[in-house]
Amino acid sequence: MEKIVAVGADHAGFPLKEDLKAYLKDQGYEVLDLGTDSHQSVDYPDFAARVAAAVASGKVPWGMLVCGTGIGMAITANKVPGVRAACCADPFSARMARAHNDANVLTMGGRVVGPGLAREILKAWLESRFEGGRHAQRTAKIQALEDRLGGGTKRKRSAPGGPGPARGKGRDG
Ligand code: RB5
């Protein structure tokens, strides 16, 4: 498998992305940086979509995304057919995400994990291998579901609003 990782982040994930880029290069990986490239507030789905598209198209085998929590990146990336994104905050989950779930995109929270732990998580994910067997049977079911739904459900979404401000960018961007 080619040693190339597409990386992306929003403003909240930008500093961690920069740190992890340096780590990836040190480890002999080629890095395809799809932004963002500053602390200026941006919308995470734009960057998740870029990285997910690069993975889904086969341009790169792996993707890594960082936002504040890693959650928005995972939700968005998983909308792209062929992407299996896992949001991880510990190395064990990262290893399992690869070994059992064949995750081709790793997401992390720049406001959740520090750079040292993030490197351990990334290392665990990169160095693990999909175990196949019964796990392949399960990922095939994910694929079958994706094929059956063919680009989205008509499921009702949560109403905007709810607790907290629904409009504008809050204190944390
Ligand atoms: C931006 O403030 C924040 O919402 C974003 O980085 C991310 O945590 C979303 O999931």
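For the structure, check the block above.
The following refers to the structure shown. From a predicted model like this one, the values you see are computed outputs, not experimental measurements.

Before going further, it helps to spend a moment on the overall build of the chain. A tally of regular secondary structure across the chain gives six helices and five strands. Going from N to C terminus, the chain has its helices and strands arranged as β-α-β-α-β-α-β-α-β-α-α. In the chain, which comprises 173 residues, the proportion classed as buried is 41%. In the chain, of all internal contacts separated by at least 6 residues, the share reaching a separation of at least 24 is 70%. Carbon and sulfur atoms provide 52% of the accessible area of the chain, an area that totals close to 9,600 Å².

Here we take up the nonpolar core. Across soluble globular proteins, nonpolar side chains have a tendency to be buried as a group. Counting 26 residues, the largest nonpolar core has Val5, Leu24, Met64, Met108, Leu122 and Trp125 as the members making the most contacts within it. Broken down by element, the residue count for this core peaks at six residues, all from helix α5 (residues 115-127). Judged by nonpolar contacts, the second largest core, of 18 residues, contains Ala48, Cys67, Val80 and Val83.

The end-to-end C-alpha distance of helix α2 (residues 44-56) is 18 Å, a good match for the 18 Å that 13 residues give at a rise of 1.5 Å each. Every buried residue of α2 is listed here: Phe47, Ala48, Val51, Ala52, Ala54 and Val55. End-on view of α2: buried residues confined to an arc of 160°, all on one side of the axis. Elements in contact with the buried residues of α2: β1 (4-9), β3 (62-67), α3 (71-77) and β5 (105-109). Note on α2: the residue one or two positions beyond its end, Gly58, has a positive phi of about 85°.

Packing of helix α4 (residues 91-99) against α5 brings their axes to within 7 Å, and their N-to-C directions diverge by 25°. Regarding the angle of α4 to α5, the classification is roughly parallel. The chirality of how α4 crosses α5 is right-handed. In this structure, α4 uses Pro91, Ala94, Arg95 and Arg98 to contact α5, whose residues at the interface are Leu117, Glu120, Ile121, Ala124, Trp125 and Leu126. In terms of residue class, the contact of α4 with α5 is built from seven nonpolar, no polar and three charged.

In a regular helix each residue adds 1.5 Å, so 13 residues correspond to 18 Å; α5 covers 18 Å between its end C-alpha atoms and thus fits that length. Those residues of α5 that sit buried are Ala118, Ile121, Leu122, Ala124, Trp125 and Leu126. Residues of α5 that are buried make contact with β1, α1 (14-26), β3, α4 and β5.

Applying the stated criterion across every chain yields a total of one aromatic pair. Taken together, a centroid distance of 5.9 Å and an interplanar angle of 80° make the contact between Trp62 and Trp125 edge-to-face. Here Trp125 lies in helix α5 and Trp62 lies in strand β3, a separation of 63 residues in the sequence. On the basis of relative accessible area, Trp62 is assigned to the buried category, the value being 10%. According to the relative accessible area criterion, Trp125 is buried, its value standing at 0%. In this arrangement the basic side chain of Arg98 is found over the ring face of Trp62, its NZ or CZ atom lying 3.6 Å from the centre. Note that Arg98 overlies the ring of Trp125, its terminal NZ or CZ placed 5.1 Å from the centroid.

Conventions and cut-offs
Residue indices follow the written sequence of each chain, beginning from 1 at its first position. Selection of residues for local features in this predicted model requires a pLDDT of at least 70, selection of side-chain atom pairs for listing and counting requires 80 or more, and totals for whole chains, interfaces and linings are taken over all residues. The side-chain figures draw on all heavy atoms in the structure; neither hydrogens nor water molecules are used. Secondary structure elements follow DSSP: runs of H or I of four or more residues count as helices, runs of E of two or more count as strands, with numbering from the N terminus. The classification of residues rests on relative accessible area computed with a 1.4 Å probe and restricted to protein chains. Under 20% of the type maximum is buried, over 50% is exposed, and intermediate values are partly exposed. Note on contacts: a residue pair is in contact if any heavy atoms of the two residues lie within 4.5 Å. Areas reported here follow the Shrake-Rupley algorithm with a probe of radius 1.4 Å; residue values treat only the protein chains shown as occluding. Residues belong to a common nonpolar core when they are buried Ala, Val, Leu, Ile, Met, Phe, Trp, Tyr or Cys residues joined through side-chain atoms within 4.5 Å. Each residue after the first adds 1.5 Å to the expected span of a helix. The arc refers to the directions leading from the helix axis to the C-beta atoms. To define axes, lines are fitted to C-alpha atoms, for helices over the stretch in contact only, and angles between the resulting N-to-C directions are given on a 0 to 180 degree scale. Each angle is binned into one of four classes, with values under 35 degrees roughly parallel, values over 145 roughly antiparallel, values of 65 to 115 roughly perpendicular, and all other values oblique. If you view the pair so one helix is near and one far, a crossing is left-handed when the near helix is turned anticlockwise from the far one by less than a right angle, and right-handed when it is turned clockwise. Lys, Arg, Asp and Glu make up the charged group, whereas Ala, Val, Leu, Ile, Met, Phe, Trp, Tyr, Cys and Pro make up the nonpolar group; the residues left over, Gly among them, are polar. Each pair of aromatic rings taken from Phe, Tyr and Trp, with Trp reduced to its six-membered ring, is defined by centres within 6.5 Å and is described as stacked if the planes are under 30 degrees apart, edge-to-face if over 60, and tilted in the remaining cases. Placement of a positive charge over a ring is assigned whenever Lys NZ or Arg CZ falls within 6 Å of the ring centre and within 35 degrees of the normal to the ring plane.

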